[in-house]
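A structural walkthrough
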Amino acid sequence: MKHSMLKSADDNVVRKIYLQSLGAYILSDIASTSGPLVDGIVTGNFLGVQAVAAVCLLSPAILIFTFMSGILSKGSRSIYTELLGNGKLDEANSVFTVANIISAILSLMITVVGLLFPQDIMHFLGATGQNAHLEGLGVDYLLGYLPGLLFLNAAKLMGDYMTIDSDYYRNIYAVTAMTLVNIAGDFYVVLFTDSGLLGLGIATTISEAVYLVKQYILR
């Protein structure tokens, strides 16, 4: 009887950890896509077909911008939990620190390259020939969006580690806050300014900064 109770308790713990981890992965994906998704919806309704086409052209680049950080997050988290399970707390903390440093370096490198060569990125993605008129629109969005990449990737990394400490709800609140700020910012841009895709990109950057602040500072 006692053995059955212990087994049931272990199963509940494993199930809880699994569900929290699954939820963290889902939230991480939502965090990566919510900005461009909200921007795309607002763009389609307020800025016209050409702006939508420019944002769609950028979709592969945006995926790549966040893809490397996602791999780093999942891989380092596996090493972290293994070391933690073996009682090697200092080594585990070192893995977390190194993962943050590498994430920041990668994000900054991508941001710098993107800000220096936005036209080349648009050309590579197809804004040439009969689509050349999309270049300027895509460049505007890149210039507004890229500064937020450091915030987004750092917050995603933190969110993936939170499930280890069962700090799951802070991740939910952070993603919710980011999405609401992005929606409010996008509507402010299209209703009260004429900054177009540049403004939408900036609104996304601000929302990603809120995401990071909520993850690391606000409880």
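Here the structure is a predicted model, which means the values were calculated and not measured. (Residues numbered from 1 in each chain as written. Predicted model: local features only at pLDDT ≥ 70, side-chain atom pairs only at ≥ 80, totals over all residues. Heavy atoms only, no water.)

Within the chain, the secondary structure is distributed over nine helices and zero strands. Its helices and strands in sequence order give the chain the pattern α-α-α-α-α-α-α-α-α, from N to C terminus. Within the chain, the proportion of its 219 residues that are buried is 42%. Here the contacts in the chain between residues at least 6 apart in sequence split such that 83% fall between residues at least 24 apart. About 11,500 Å² of surface is accessible on the chain, with carbon and sulfur atoms providing 70% of the total. (Helix = DSSP H or I, 4+ residues; strand = E, 2+ residues; numbered from the N terminus. Buried < 20%, exposed > 50% of the residue type's maximum accessible area, 1.4 Å probe, protein only. Contact = heavy atoms within 4.5 Å. Areas by Shrake-Rupley, 256 points an atom, 1.4 Å probe, with all protein chains shown as cover.)

This part covers the packing of helix 3 (residues 59-85) against helix 6 (residues 135-145). Where helix 3 meets helix 6, the axes come as close as 12 Å, and the angle between the chain directions of the two elements is 20°. The orientation of helix 3 with respect to helix 6, classified from their angle, is roughly parallel. At the point where helix 3 passes helix 6, the crossing takes the right-handed sense. In this structure, helix 3 uses I62, F65 and T66 to contact helix 6, whose residues at the interface are Y141, L142 and Y145. Counted by class, the contact of helix 3 with helix 6 contains five nonpolar, one polar and no charged residues. (Axes fitted to C-alpha atoms, helices over the stretch in contact; angles between N-to-C directions. Parallel < 35°, antiparallel > 145°, perpendicular 65-115°, else oblique. Left-handed = near helix turned anticlockwise from the far one by under 90°. Nonpolar A, V, L, I, M, F, W, Y, C, P; charged D, E, K, R; others polar.)

What follows is about the nonpolar core. Across soluble globular proteins, you tend to see nonpolar side chains buried next to one another. Ranked by size, the top nonpolar core spans 34 residues in total, and within it L58, F65, Y141, L197, L200 and Y211 carry the most contacts. Elements with a contribution of two residues or more to this core: helix 1 (2-46), helix 2 (49-57), helix 3, helix 5 (118-124), helix 6, helix 7 (149-162), helix 8 (168-192) and helix 9 (196-216). Tallying contributions element by element places helix 8 first for this core, with five residues. When near neighbours in sequence (up to four residues on either side) are disregarded, L58 contacts M122, L125, G138, Y141 and L142. Membership of the second largest hydrophobic core comes to seven residues, among which are L83, A92, L157 and Y161. (Core = buried A, V, L, I, M, F, W, Y, C linked by side-chain atoms within 4.5 Å.)

We now examine helix 4 (residues 89-116). With 28 residues, helix 4 should reach 40 Å at 1.5 Å per residue; the first-to-last C-alpha distance of 41 Å fits that figure. Within the span of helix 4, buried status applies to A92, V95, A99, N100, S103, S107, I110, T111 and G114. On the buried face of helix 4, the contacting elements are helix 3, helix 5, helix 7 and helix 9. (Expected span 1.5 Å × (residues − 1).)

Now for the environment of P147. For P147, the location among the structural elements is in the loop between helix 6 and helix 7. In this structure the C-alpha to C-alpha distance between P147 and G114, which are 33 residues apart in sequence, comes to 9.6 Å. Once residues lying within four places of it in the same chain are set aside, the contact partners of P147 are T111, L142 and T205.

What follows deals with the confidence of the model for the chain. Residues with a pLDDT of 70 or more make up 80% of the chain, whose mean pLDDT is 80. The low-confidence segment residues 1-7, where pLDDT is below 50, has zero contacts with residues more than four positions distant or belonging to other chains. (pLDDT = per-residue confidence, 0-100.)

Looking now at helix 2. Considered for burial, the residues of helix 2 that qualify are A51, A54, V55 and L57. Within helix 2, the buried residues cover an arc of 160° as seen down the axis, which keeps them to one side. (Arc of directions from axis to C-beta.)

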